[in-house]
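Spelled out from the first residue to the last, the chains are:
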Amino acid sequence: MRTDLHDASNAADPEAVDKRFAGSFMKQGMCSKCRSLDSPGGKVRYCGRCRTTAYCSKECAKADWAEHKHQCESIRTTLDEDIASYVADGGQKKDFFKTRGDIKSWSNEVPGLRNELDLLAWKHRGEAVIIRVSGCETDIDGSGLRIEVVPRSSWDTDPPDLVEFSDVFLKSLRQRHSATSFDPNKEFALVKKMMHPVHSGSNNVIPMRAFVIRRFDHLAIRGVKIVEALVAGTGGEELTDAFAYLKGSILSSHPPDHVAQILQTFGNRSAYLCGRTTPHNSAPIPGRAFHNEIAYMILHQLDLEVDVRLTGLRNAAHLNGREGALRCSDPANSDRFKVVLDDGTCVSVLASNFVHIRRGNYRRRSPERSP
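All of these numbers come straight from a predicted model, not from anything done at the bench. Residue positions are counted from 1 within each chain, in the order its sequence is given. Selection of residues for local features in this predicted model requires a pLDDT of at least 70, selection of side-chain atom pairs for listing and counting requires 80 or more, and totals for whole chains, interfaces and linings are taken over all residues. Note: side-chain values were computed over all heavy atoms of the structure, leaving out hydrogens and water.

1. Structural notes on the overall build of the protein
Runs of H or I in DSSP of at least four residues are treated as helices and runs of E of at least two as strands, each being numbered from the N terminus. Helix and strand counts for the protein stand at 10 helices and 12 strands. Across the 371 residues of the protein, 49% fall into the buried class. Counting only contacts in the protein whose residues sit at least 6 apart along the sequence, the fraction spanning at least 24 positions is 62%. Exposure was quantified through the Shrake-Rupley algorithm and a 1.4 Å probe, taking into account, for residues, occlusion by the shown protein chains and nothing else. By element, 49% of the accessible surface of the protein is carried by carbon and sulfur atoms, the whole surface being about 17800 Å². Burial status follows relative accessibility: with a 1.4 Å probe on protein chains alone, a residue under 20% of its type maximum counts as buried, one over 50% as exposed, and anything between as partly exposed. Contacts are assigned to residue pairs with any non-hydrogen atoms lying within 4.5 Å of each other.

Listed below in structure tokens is the structure:
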């Protein structure tokens, strides 16, 4: 590739790759050839022609050139169009790569959004869709974000329905989707569109777009499968799987003493709800109420909404059948949970008085519904 590969860590020319942007970009994506994620302290390299396609090494870049060369020109043309549009809207050319890097990392700052996007894309993985998320940089909690599933019929037709995208961009999109290295069971296409200030402190905003191929995070995918199994059954097998998932995945980053404390709490809750003691470091005793608690914990750790339907209430029987979102444990009573019903009413119920339900796609926990 001769000079067609740039070392991002040494690039100073904004016409090539902004070195301030390079580090955050690879954290979002992966090597376009071997699909490995970057390692801490590792150098990020980009194709010097399109200045967009990332590689973990020169070897991977050279090995990928036979396939990448068919996409490279259209990717570069799309990039030039985006830069020209950015400058025409009032941005400075030297800031383009930094701004685009901000867009790529922006959605990762919204709790639960990454998991929501992964689960939506996983649901449609066999349909060659694009997931599109749009919003404003000032929308810190993500309450104003818009998420769409763009079917193939909207972008892979002639003429396309996506009038907001140029022919060059759509050509690049088709090429990437049809590339032999693209695996819909491992990755998906994501378009991020954000209204970004022209410069820091400015009230004037300009639209910015970033297209990425993102690898699925199977932590969320496996987590919701376990939740669905917990909701459907009351046996020990589902609880054993959930217990192993929590220890090996969600709790793996916690200090050992903290994990031990949490697992002991599980055992104590199981004994309290089921009337039997759980052996040390083993899966708790199954039971509907305890299944509900574990399902809630998994979804809560993934920052996903926990939809429930009230049931079995005696003193407040009129609330049975009402639906809402489970927000948190009741600080006034550790045996109870706070549920915000769809009409805004907040109630405190036992784990045995609600069932988990699915209401459409999994979605991130809403900041607007906190009690």
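2. Considerations on the state of the cysteines
Sulfur atoms of two cysteines make up a disulfide when they are within 2.5 Å. For the coordinates displayed, the defined rule picks out 0 disulfides. You can see Cys-47 has no disulfide; the closest cysteine sulfur is in Cys-72, sitting 3.7 Å from it. By relative accessible area, which is 0% here, Cys-47 ends up buried. Just so you know, Cys-56 is unpaired, no disulfide at all, and the nearest cysteine sulfur is the one on Cys-31, 3.7 Å from it. A residue is classified by how much of its surface remains accessible, and Cys-56, at 29% relative accessible area, is partly exposed.

3. Overview of helix H4 (residues 113-123)
The buried fraction of H4 is high, at 9 of 11 residues. Along H4, the residues that are buried comprise Leu-113, Asn-115, Glu-116, Leu-117, Asp-118, Leu-119, Leu-120, Ala-121 and Trp-122.

4. Focus: the confidence of the model for the protein
What pLDDT reports is the predictor's confidence in each residue, on a scale of 0 through 100. Taken residue by residue, the protein gives an average pLDDT of 76. The fraction at 70 or more is 74%. When mean pLDDT is compared element by element in the protein, strand E8 (residues 307-310) scores highest at 96, while helix H1 (residues 19-28) scores lowest at 34. Counted against residues more than four places away or in other chains, residues 1-28, with its pLDDT under 50, gives 76 contacts. Contacts for the low-pLDDT stretch residues 276-286, under 50 throughout, to residues beyond four places or in other chains number 32 contacts.

5. Here we look at the sheet that holds strand E10 (residues 336-341)
If you trace the 5 strands from one edge of the open sheet to the other, you get E11-E10-E9-E8-E12, paired in antiparallel fashion. Two strands lie at the open edges of the sheet, namely strand E11 (346-350) and strand E12 (354-356), each paired on one side alone. Across the sheet, the mean angle separating the axes of adjacent strands is 45° when strand polarity is ignored. Bridge analysis of E8 against E12 gives 3 bridges, and the strand direction is antiparallel. Its bridge partner being in E12, Arg-309 is matched across the sheet by Val-355. Note on pairing: two strands pair once DSSP finds at least 2 bridges between them. For helices, the fitted line uses only the C-alpha atoms of the stretch in contact; every axis is such a line through C-alpha atoms, and the angle between N-to-C directions lies from 0 to 180 degrees.

6. Notes on the nonpolar core
Within this scheme, the nonpolar core is defined by two criteria: the residues are buried Ala, Val, Leu, Ile, Met, Phe, Trp, Tyr or Cys, and they are joined through side-chain atoms within 4.5 Å. Residues Ile-131, Leu-230, Ile-294, Ile-298, Leu-310, Leu-326 and Phe-354 are the most contacted members of the largest nonpolar core, which totals 59 residues. Take this core: its biggest share by element is 7 residues, from helix H10 (residues 288-301). Aside from chain neighbours lying at most four places away, what touches Leu-230 is Glu-238, Leu-239, Ala-242, Arg-288, His-291, Ile-294, Ala-295 and Ile-298. Judged by nonpolar contacts, the second largest core, of 11 residues, contains Ile-130, Trp-155, Phe-182 and Ile-213.

7. As for the pattern of salt bridges
Within this document, salt bridges are pairs made up of a side-chain nitrogen of Lys or Arg and a carboxyl oxygen of Asp or Glu, the two lying within 4 Å of each other. Counted by the stated rule, this structure contains 14 salt bridges. Among the salt bridges present, the one from Arg-146 reaches Glu-148, with a minimum N-O distance of 3.3 Å. For Arg-146, a relative accessible area of 51% corresponds to the exposed category. Among the ionic pairs, Arg-359 bridges to Glu-323, the shortest N-O distance being 3.3 Å. Of this pair, Arg-359 sits in the segment after E12 while Glu-323 sits in strand E9 (residues 323-329); the two residues are 36 residues apart in sequence, bridging distant segments of the chain. Residues joined in a network through salt bridges with shared partners are Asp-307, Arg-309, Glu-323, Asp-342, Arg-359 and Arg-363.

8. Here's the deal with unusual backbone geometry
Phi at Ala-128 is positive, roughly 55°, even though this residue is not glycine. Tracing the backbone shows Ala-128 in the loop between H4 and strand E4 (130-136). The phi angle at Asp-303 is positive, at roughly 60°, despite the residue not being glycine. Relative to the helices and strands, Asp-303 is located in the loop between H10 and E8.

9. Quick notes on the packing of H4 against helix H7 (residues 218-232)
Orientation of H4 relative to H7, taken along the N-to-C sense of each, is 70°, at an axis distance of 9 Å. Taken together, the axes of H4 and H7 lie roughly perpendicular to each other. Note on element contacts: H7 touches H4 through His-218, Ala-220, Ile-221, Val-224 and Lys-225, opposite Asn-115, Leu-119 and Trp-122. In this classification, the charged set is Asp, Glu, Lys and Arg, the nonpolar set is Ala, Val, Leu, Ile, Met, Phe, Trp, Tyr, Cys and Pro, and all remaining amino acids, among them Gly, are polar. Tallied by class, residues from the contact of H4 with H7 come to 5 nonpolar, 2 polar and 1 charged. Angular relationships are summarised with four words: roughly parallel below 35 degrees, roughly antiparallel beyond 145, roughly perpendicular across 65 to 115, and oblique for the angles in between.

10. What to know about the packing of aromatic side chains
Under the pairing criterion, centres of Phe, Tyr and Trp rings, with the six-membered ring standing for Trp, must be within 6.5 Å; the plane angle then separates stacked pairs below 30 degrees from edge-to-face pairs above 60, leaving the rest tilted. According to the stated counting rule, one finds 6 aromatic pairs in the structure shown. With a centroid separation of 5.6 Å and an interplanar angle of 70°, the aromatic rings of Tyr-86 and Phe-96 are classed as edge-to-face. With a gap of 10 residues between them, Tyr-86 in helix H2 (residues 58-88) and Phe-96 in helix H3 (residues 96-106) connect regions that are remote in the sequence. Judged by its relative accessible area of 1%, Tyr-86 falls in the buried class. Accessibility expressed as a relative area gives 1% for Phe-96, which makes it buried. Each ring, one from Phe-96 and one from Phe-97, has its centre 5.4 Å from the other, and the planes form 85°; the classification is edge-to-face.

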